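What follows is the residue order along each chain.
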Amino acid sequence: MRIVPTGQSLGVSIEDLDLAKPVSDADYKKILRALGHHGVLCFPRQTLETGAFAAFGRLFGDLEINVANQFHEPGHPEVMILSNITRDGRPTGLGDAGQGWHTDMSYSRDIALANLLYAIQVPMRDCRPLGDTQFRNMHAAYDDLPADMKRRLEGRTATHDFVKFWDMMRAKPGSTRAPLTAEQRAKKPPVKQPIFATHPITGRKILYCNPGYALWIDDMDAAESAETLDYLFAHQAQDKYFHAHKWTAGDVLMWDNIGTVHNAVPDYRPDEPRYIRRVQIMATKDYARLAA
Ligand code: SIN
């Protein structure tokens, strides 16, 4: 297994590793460390059955079953389908997943370690891939914050709510997302998250606050909270923290869902098919020990 950095703020390519085969303890440790330190890992040229894809994800933690999702692979409720393809007039997958900067599962008391996506079909135009997934580095964003901002927000929390992102997506023209049912809503109540969290692999502080889900800073005057969140979101949006993954079919992409924010770019048309399998890996293990 070889780790080849992209040279950007985030991202490595992990070469010469076949994810359909058992992963050795030494490689597992290297993957976990690379996830903490580089944030976005691409395993190119993979050929995986759905079960093997999910099994690789499960090595790192329990897999989430999304209560709001009706699109998953048959027999695998944990393997969500992200796709713009329709069959007999019906969508085969969630067509607008992640189209806005966010961190998956920050709206949940139990947060996610990582996201794992497997590209089956990538939209192409003029021989160029479309539908990039973009990232920003929240270790670096925390490091660069002015000392007085770090002092002011240390120990404080922000309220994150699943409904914020869901409703943003619903408000987009042509959205087919239904309002959440009372049952779905009850399963996703708002939660308070630390604005600065400690990363479970690197042990370093990160900025854990994203525009997709964070609504306000708790116990702060509303205007000051809005102004501070605007500042944090503009700060984390700087180019120096940016990395874009350009997809090739067969890529498995694993990203750190604690130390990054991400955004899916909807720059492809309905006749440019995209089909991606996804599992969400919950942070259910002692990663500091496993990576040591
Ligand atoms: C996501 O936010 O999980 C979706 C990312 C993508 O489809 O590129």
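In case you missed it, the structure is sitting above this.
Let us look at the structure shown here. (Residues numbered from 1 in each chain as written. Predicted model: local features only at pLDDT ≥ 70, side-chain atom pairs only at ≥ 80, totals over all residues. Heavy atoms only, no water.)

1. Details of the sheet that holds strand β13 (residues 191-194)
At step 1: The three strands are arranged β13-β12-β16 in an open sheet whose pairing can be described as antiparallel. This sheet does not close on itself; its edge strands, each paired only once, are β13 and β16 (214-217). Across the sheet, the mean angle separating the axes of adjacent strands is 35 degrees when strand polarity is ignored.
At step 2: In terms of strand pairing, strand β12 (residues 157-160) meets β16 through three bridges, oriented antiparallel. From the neighbouring strand, H160 faces β16, where its bridge partner is A214. (Pairing = 2+ DSSP bridges. Helix = DSSP H or I, 4+ residues; strand = E, 2+ residues; numbered from the N terminus. Axes fitted to C-alpha atoms, helices over the stretch in contact; angles between N-to-C directions.)

2. Looking at the pairing of strand β18 (residues 252-256)
At step 1: Taking burial as the measure, the five residues of β18 include five buried ones, the bulk of the element.
At step 2: Neither face of β18 is left uncovered, since the one carrying V252, M254 and D256 and the one carrying L253 and W255 both have all their residues buried.
At step 3: Here four bridges tie strand β3 (residues 40-43) to β18, and the two strands are oriented antiparallel to one another. Across the sheet, the residue bridging to C42 is L253, located in β18.
At step 4: Note: strand β8 (residues 112-121) against β18, five bridges, orientation antiparallel. From the neighbouring strand, L117 faces β18, where its bridge partner is L253. (Buried < 20%, exposed > 50% of the residue type's maximum accessible area, 1.4 Å probe, protein only.)

3. Observations regarding the side chain of N115
At step 1: With respect to the helices and strands, N115 occurs in strand β8.
At step 2: Looking at N115, its side chain comes within polar contact range of the side chain of D104, at 2.3 Å.
At step 3: Apart from the residues lying within four places of it in its own chain, the contact partners of N115 are D104, L253, M254, W255, N257, H262, R278, V279 and Q280. (Polar contact = N/O pair within 3.5 Å; in protein donor to acceptor, adjacent residues only side chain to side chain. Contact = heavy atoms within 4.5 Å.)

4. A closer look at the site of the ligand
At step 1: Around the ligand sit L82, A97, G98, H102, D104, N115, L117, T133, H262, A264, R274 and R278, and those are all the residues in its vicinity.
At step 2: The contact in question runs from an oxygen atom of the ligand to an N or O atom on the side chain of H102, over 3.3 Å.
At step 3: A distance of 2.5 Å is found between an oxygen atom of the ligand and a side-chain nitrogen or oxygen belonging to T133.
At step 4: In isolation the ligand has 260 Å² of accessible area, and contact with the protein removes 99% of it.
At step 5: When residues of the shell around the ligand are traced back to their parent elements, those giving at least two are β8 and β19 (260-264).
At step 6: The residue makeup of the shell around the ligand, split by class, is four nonpolar, five polar and three charged. (Near = heavy atom within 4 Å. Areas by Shrake-Rupley, 256 points an atom, 1.4 Å probe, with all protein chains shown as cover. Nonpolar A, V, L, I, M, F, W, Y, C, P; charged D, E, K, R; others polar.)

5. Some points on the environment of T228
At step 1: Topologically, T228 is positioned in helix α7 (residues 222-236).
At step 2: The contacts of T228, once residues within four sequence positions are left out, are M149, R152, L153, I217 and M220.

6. Things to note about the sheet that holds strand β11 (residues 133-137)
At step 1: Strand order in the open sheet formed by three strands is β17-β11-β19, with antiparallel pairing between adjacent strands. The open sheet is flanked by β17 (242-245) and β19, the only strands paired with a single partner. Each strand axis lies, on average, 20 degrees off the axis of its neighbour in the sheet, ignoring direction.
At step 2: Of the strand pairs in this sheet, β11 and β19 are connected by five bridges, and their pairing is antiparallel. Paired with R136 across the two strands is V261, which belongs to β19.

7. With respect to unusual backbone geometry
At step 1: Unlike most non-glycine residues, D88 shows phi in positive territory, near 50 degrees.
At step 2: Relative to the elements of secondary structure, D88 occurs in the loop between β6 (86-87) and β7 (90-91).

8. Digging into the nonpolar core
At step 1: Ranked by internal contacts, the top residues of the largest apolar core, which has 30 residues, are I31, L41, F43, F56, F60 and M254.
At step 2: Secondary structure elements with two or more residues in this core: β2 (12-15), α1 (25-38), β3, α2 (50-58), β8, β18, β20 (275-282) and α8 (287-291).
At step 3: The element best represented in this core is α1, accounting for five residues.
At step 4: Dropping the residues within four chain positions of it, M254 is found in contact with I31, L35, G39, V40, L41, F43, F56, F60, A114, N115, L116 and I281.
At step 5: Listed in part, the 21 residues of the second largest apolar core include W101, M138, C209 and L229. (Core = buried A, V, L, I, M, F, W, Y, C linked by side-chain atoms within 4.5 Å.)

Any functional reading would require information that these geometric values do not contain.
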